[in-house]
Amino acid sequence: MPRGVRVSAAVTRVFGIRHHGPGSARSLRAALAEFRPDIILIEGPADADPLVGYVAADGMAPPVALLAYVPGEPARAAFWPFASFSPEWQALRHGAEHGVPVRFCDLPSTHVLAAREHEPAEHRDPLAELAAAAGYDDAERWWDAVVESAADSGAFDAITEAMRALREPAPPGAEVAEPSTHTGATTSGGPAESPAGAEAAAPAVEAVAPAGGAAAPAGGAEAPAGAAEAPGGGAEPRVLHSIPVDTQTLRREAYMRQTMRKALREGAQRLAVVCGAWHAPALDGPLGPAAPDTRLLTGLPKVKTASTWVPWTHSRLATASGYGAGITSPGWYHHLFTETEQPVVRWLTRVANVLRAHDLPVSSAHVIEAARLAETLAALRARPLAGLSEVTEAVRAVLCGGEETLVRLIAEELVIGEALGAVPADTPTVPLAADLAATARSLRLKQEPSARSLDLDLRKERELRRSHLLHRLRVLGIEWGVPAQSQVRGTGTFRETWTLCWEPEYALAVIEASRWGTTLRTAAEARILDHVGDADITLADLATALDTALLADLGAATYGLIARLDEVAALDHDVTHLLGVLPGLLRTRRYGDVRGTDVSALGRVADGLLVRICAGLPGAVTGLDTEAAENLRDQIDAANAALRTGTDGIERWQAALRVVADRDDVHGALAGRAVRLLADVGEIDDAESALRLGAALSVGRTAQAKAAWIDGFLGGRGLLLVHDRELLRLVDEWVRGLGDDQFTEVLPLLRRTFGAFEQPERRAIGRAIRGGARAEGVRGAIDFERGELALRAALAILAAAPRPADAAEPAGAIP
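Positions within a chain are numbered from 1, following the residues in the order the chain's sequence is written. Under the rules for a predicted model, residues below a pLDDT of 70 receive no local features and side-chain atom pairs below 80 are neither given nor counted, while totals for whole chains, interfaces and linings still include all residues. With hydrogens and water stripped out, all remaining heavy atoms of the structure feed into the side-chain values.

Trainee: I'd like a description of the overall build of the protein, backed by residues and values.
Mentor: By the criteria applied, helices consist of DSSP H or I runs no shorter than four residues and strands consist of E runs no shorter than two, each listed in order from the N terminus. Summing up its helical and strand segments, the protein has 32 helices and 13 strands in all. Sequence separation of at least 24 residues holds for 78% of the intrachain contacts in the protein that already meet a minimum separation of 6. Residue exposure ignores everything except the shown protein chains as possible cover, and the areas themselves are Shrake-Rupley values with a 1.4 Å probe. Of the roughly 37,300 Å² that the protein leaves accessible, carbon and sulfur atoms contribute 53%. Whether two residues touch is decided by their heavy atoms; if any such pair falls within 4.5 Å, the residues are in contact.

Trainee: Lay out the nonpolar core in plain terms, naming residues and giving numbers.
Mentor: Among soluble globular proteins, nonpolar side chains are generally buried collectively. Buried residues of nine kinds, namely Ala, Val, Leu, Ile, Met, Phe, Trp, Tyr and Cys, make up a nonpolar core once their side-chain atoms join them within 4.5 Å. Only protein chains enter the area calculation, which uses a 1.4 Å probe; residues under 20% of their type maximum are buried, those over 50% are exposed, and those in between are partly exposed. Among the nonpolar cores identified, the biggest contains 141 residues, and L348, W480 and W653 are the most heavily contacted of them. For this core, the element with the most residues is helix α22 (residues 600-620), which contributes 8 residues. Apart from the residues within four sequence positions on either side, L348 is in contact with V367, A370, A371, V391, V395 and L399. Counting 43 residues, the second-largest nonpolar core is a separate cluster that includes L28, L32, M163 and W278.

Trainee: I'd love a proper account of the packing of aromatic side chains, names of residues and values included.
Mentor: Centre distance within 6.5 Å is the pairing criterion for rings of Phe, Tyr and Trp, where only the six-membered ring of Trp is used; planes under 30 degrees apart are then read as stacked, over 60 as edge-to-face, and the remainder as tilted. This model, assessed by the stated rule, comprises 10 aromatic pairs. Over a ring means this: the NZ of a Lys or the CZ of an Arg is within 6 Å of the ring centre and within 35 degrees of the ring normal. Sitting above the plane of the W278 ring, R167 keeps its charged end 5.3 Å from the centroid.

Trainee: I'd like a description of the sheet that holds strand β5 (residues 73-82), backed by residues and values.
Mentor: Should DSSP find at least two bridges between two strands, the strands are taken to pair. Pairing in this open sheet of 3 strands is antiparallel, and the strands run β5-β4-β10 from one edge to the other. Both edges of this open sheet fall to β5 and β10 (306-311), since each of them pairs with a single strand only. Sheet twist, expressed as the average angle between the axes of neighbouring strands with direction ignored, equals 30 degrees. Of the pairings in the sheet, the one linking strand β4 (residues 64-70) to β10 comprises 6 bridges and is antiparallel in character. For helices, the fitted axis covers only the stretch in contact; all axes are lines through C-alpha atoms, and the angles between them, taken along N-to-C directions, range from 0 to 180 degrees.

Trainee: Could you give an account of the pattern of salt bridges, with specific residues and numbers?
Mentor: Definition used for salt bridges: Asp or Glu carboxyl oxygen within 4 Å of a side-chain nitrogen of Lys or Arg. Under the definition given, this model contains 24 salt bridges. A salt bridge links R164 to E161; its shortest N-O distance comes to 3.7 Å. Here E161 and R164 lie together in helix α6 (residues 156-167), a separation of 3 residues that amounts to about one turn. For the pair R164 and E161, one class covers both residues: buried. Between D553 and R472 there is a salt bridge, with the nearest N and O atoms lying 3.9 Å from each other.

Trainee: Give a detailed account of the sheet that holds strand β12 (residues 481-483), specifying residues and quantitative values.
Mentor: Strands sit in the order β11-β13-β12 across an open sheet of 3 strands; the sheet is antiparallel. Each of the sheet's edge strands pairs with one partner strand only, and the pair in question is β11 (452-457) and β12. Sheet twist, expressed as the mean angle between neighbouring strand axes with direction ignored, is 35 degrees. Alignment of β12 against strand β13 (residues 495-500), held across 3 bridges, turns out to be antiparallel. What sits directly across from P483, in β13, is W498. The strands touched by helix α16 (residues 461-475) are β11, β12 and β13; relative to β11, the strand with the most contacts, the crossing angle is about 125 degrees.

Trainee: Outline helix α12 (residues 364-380), listing residues and values.
Mentor: One turn of the α-helix equals 3.6 residues, which is why residues spaced by three or four share an orientation. Given the number of residues in a helix, its expected span is that number minus one, multiplied by 1.5 Å. Spanning 17 residues, α12 covers 25 Å between terminal C-alpha atoms, matching the ideal 24 Å at 1.5 Å per step. Within the span of α12, buried status applies to V367, A370, A371, A374, L377 and A378. The buried side chains of α12 occupy one side of the element, clustering within an arc of 130 degrees when seen end-on. What points out from α12, more than 90 degrees from its buried face, is the exposed set A365, R372, A379 and L380. Contacts from the buried residues of α12 go to α11 (343-357) and α13 (388-399). Downstream of α12 by one or two residues, A382 has phi in the positive range, about 60 degrees. Directions pointing from the helix axis toward each C-beta atom define the arc.

Trainee: How would you sum up a negative patch on the surface? Please name residues and give values.
Mentor: Together, D530, D534, D536 and D541 make up a negatively charged patch on the protein surface. Secondary-structure assignment places D534 in the loop between α18 (520-532) and α19 (539-551). To count toward a patch, a residue needs a relative accessible area over 30% and no salt bridge; like charges are then connected within 9 Å, while nonpolar side chains (Val, Leu, Ile, Met, Phe, Trp, Tyr) are connected within 5 Å. The charge count treats Lys and Arg as positive and Asp and Glu as negative. His and the chain ends do not count. Where a charge lies is defined by one atom per residue type: Lys uses NZ, Arg uses CZ, Asp uses CG and Glu uses CD.

Trainee: Please set out the pairing of β5 residue by residue, giving values where relevant.
Mentor: A large share of β5 lies buried, amounting to 7 of its 10 residues. For β4 and β5, the ladder comprises 7 bridges, and the chain directions are antiparallel. If you follow Y69 over to β5, its bridge partner there is A77. Between β4 and the antiparallel strand that follows it, β5, lie 2 residues; G72 among them carries a positive phi value of about 90 degrees.

Trainee: Please provide a residue-by-residue account of a positive patch on the surface, values included.
Mentor: There is a patch of like positive charges on the surface, built from R762, R763, R767 and R770. Here R770 shows up in helix α31 (residues 759-781).

Trainee: Please give an account of the environment of A642 that cites residues and values.
Mentor: Relative to the helices and strands, A642 resides in helix α23 (residues 626-643). Sequence separation between A642 and P583 is 59 residues; the distance between their C-alpha atoms is 5.4 Å.

Trainee: Lay out helix α10 (residues 330-338) with the relevant residues and their values.
Mentor: Within α10, 7 of the 9 residues are buried, which leaves the element mostly enclosed by the surrounding structure. Along α10, the positions that sit buried rather than exposed are P330, G331, W332, Y333, H335, L336 and F337.

Trainee: Tell me about the side chain of D457, residues and numbers included.
Mentor: With respect to the secondary-structure elements, D457 resides in strand β11. For D457, a relative accessible area of 14% gives the class buried. Look past the residues within four positions of D457 in its chain and what remains in contact with it is E463 and F494.

Listed below in C-alpha cells is the structure:
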C-alpha cells in the first residue's frame, strides 16, 4: 500500500514528476491506475480549470500550451506547455477517460502575471546537482541514463525523499551516496532508507518563459533503487549541496496546500496531487494548519487575465529554443513514449529514412549493425536499454560514417523534431484569432511548423485572397509568411512566392494585434493608419505603407494613406526625397490596377510630385560632389524608367532633362546621363550627341570631368559605341591623346564604365577599334607610282614566258 496521508479516512498521494519526461509519464499513468483517485490536482494555474474540459474534445492534439494573458496588454502573457509525454497531460487524460475531476492547483495566472515584473525568480537546477553527485557533467544525459529506459509506478516515494534531501540543509561535511546509474532492475517501490542515502530522483529546471512567458512548473524524476557504479568505473561520493527555496516557490506551495485542503473539505477520499518533484516534499505528509499559508498569500498583487489553449511545437519544448524549462531531446522522448516495442530499432529505422530522404545510401544492414552497436554500448555501461547517447554514437559511427554534419541533421529533424499541436475549433479565443482560423481554413492554408514554399498566381481568385491574408498578417506583425525569391522565371506582377512557417508565439501575436480590430482586414487597416500618423513619418515610409495597403487589399486605408502622402509631400522641399518616392508611386498605381484596386486618387498625387520635381531639378543638380551626383543619377534613372511606361507629364520631364543637359555647372555624371536619356527617346539625334560629346572632351576640362561625362553618357549602354562610329572615334581619340598621368587618373572610372558593358558589346567595340586603325595604317603606306611599276614588270615577265599556241591573252593585260 503506498504511503499516504489519512484525514478523516481520506488518502492523499503526492506524485513528484519531471515535466516533459516520458519515464515520469509512464510511471504516473501506472500509478494513477493503481491508486484510483476520485480527484486529481495538477500543478498549473488554478484559474485555468474551465479549460480542462477541452482536453478530451475532438481536435485537441498535443503538443499544446495553456496561454494566459492580460487583456489590453497581451505582451504580459504566460505559457504552460504540454506534450503527449508530459506527466501532467497523462493525468489530464486519465481524468477524462475515467470520469475523474481534474483541477489545477498552482498560483492563478492573475497573481503570476501581476507579480512577474516585480519578483523575478532565480533557480538552481536540482537535476544538475544530482547528476553531478552521480559523476555526470550533463544533467540531461544522466536523466536519460537512469530514468527514461524504464517506468516504475513505485518510484515516486524515492523521488520525494531525494528532493527532501536537497531542500533540507545538510550537516557540515556530510556526504551522500551517488544517485544510481541503473543496474538493469527497475524500482520495485518504496522510499530509500534515508534522505542521505536516497538512491534516485531528479527534478526538472524551474524556469520562466521568454518575453513574458510563464513560470513553468518545477519538476522531478524517478530513478531505480538499485545502486551502481558511476560512469568511468565508479566516481568518489560527492557532497549533495542543499538548495534554498525562494519566496515565490513557498507561495506557490502554500497555494497548492490550500487547494488540497479545499478538495478534502469537499469530500475527496482519494486525492492525487501531480506536481514537480521539487515541490513534493512540501505537499507530502500532514498539511498542518492553514493560517501560515493564508498569511503568506495575503496581499498578493492581482491583475485581470484571460486563458486559452494554443498549439505548441516540439522545438519550443527544447532548451535550445530559449525556453528554460524545456528538454534537449523532445523528439526522442516522444519516440520513447509512443514506441514501447523495440524503440531502438524503430528509432534507427527512422534515422535511415531521414538519411535516404536526403539521397544518402543507407541499407538495412546499416540499421542492423547500428542496433547491435547501440545494444553493446548499453551493456558495457550497465544499462538495460540503449539511451540517446548510445544510439547517437551508433548513428554517428555506422549510419553517418563519422560525419558530424549528418549527426546534426538527425538531431534537428528527429532528436528535437518538429510537431505542431492542434486545439478544438470552439476553444475560447479572441475574435481576430477566430477570423484568422476561419480564413486560413477557407483558403486551405495549414499552419505547419516546418518551412515550405508557396507560389501564388494572382490571376486566380483564391490565390489572390491568400496573398491578401499573408500581407495583412505582416501589417499586424505576424510573419507566418515571408516573401521569397521565386524559383519560377517570369516577369510582371502576377506572381508571388512566400515561405510559410507557423511559430507558436504567433498565437500571442494575434491576441496582441486584436486591439486593432476584430477581423484581419479592419485590424490591418487600423494598424497601418496608426503607423503613418506619426509626426516624423517620411515620404519613403508613406510610399511603402501605401504599397503594402494595396498588396493587402486594405481599401478603407488607401484613401487615408494617399491624403497623408499628399500632406507630407507638400511640406517636403527636397527634390531627392520626391524623386525617391515617385517611381514607387507610379508602380503602385499600375500594380493596383493589376489587382483590381481603385487607385485613381493616386494619380493626382503623382502628377503633383512630378510638377514639383521638374521645377526643382535644375537647381538640385548643381554643386554636387561625385558621390551625391551618382546617387542623384540613380534616382533620375529610376524616375525616367517609371515615367516612360506611360505618364501625361513625360514632356515636362524631358524639358527638365534638357535644362540639365544644357548647363555647364553640372557634374559630368548628370550632364552626360541627361544627354543619353534624351537621345534614347529621340529628343537629341546622333549628330547632336556626337557634338555634345566632343564639347565635353574639349580643351579646358579636366580628365576626371571628361571621364565622368563619358560614364554618365555611356553607363551600361555599350551598343551606342557599337552602332555610332563617330561617337566611338571621338572617345578613342580622346583616350589615345591622354598622357600617362592623366590615363592613370581616369583609368578606374573608365574601367568601371566599360566593365559594365556586356561581353559581346566589349568584343564588338574592340573589333571596331582594331579595324579602323588597320585601315588608316594601310592607306598611309601605299605608294601607287611604285606599285604601278612593279605591276608592269610582273606582267612583262608573264608575257615573255612560253605558253601554248591556243592560250588566250591574259585578262586585264596592259599592252
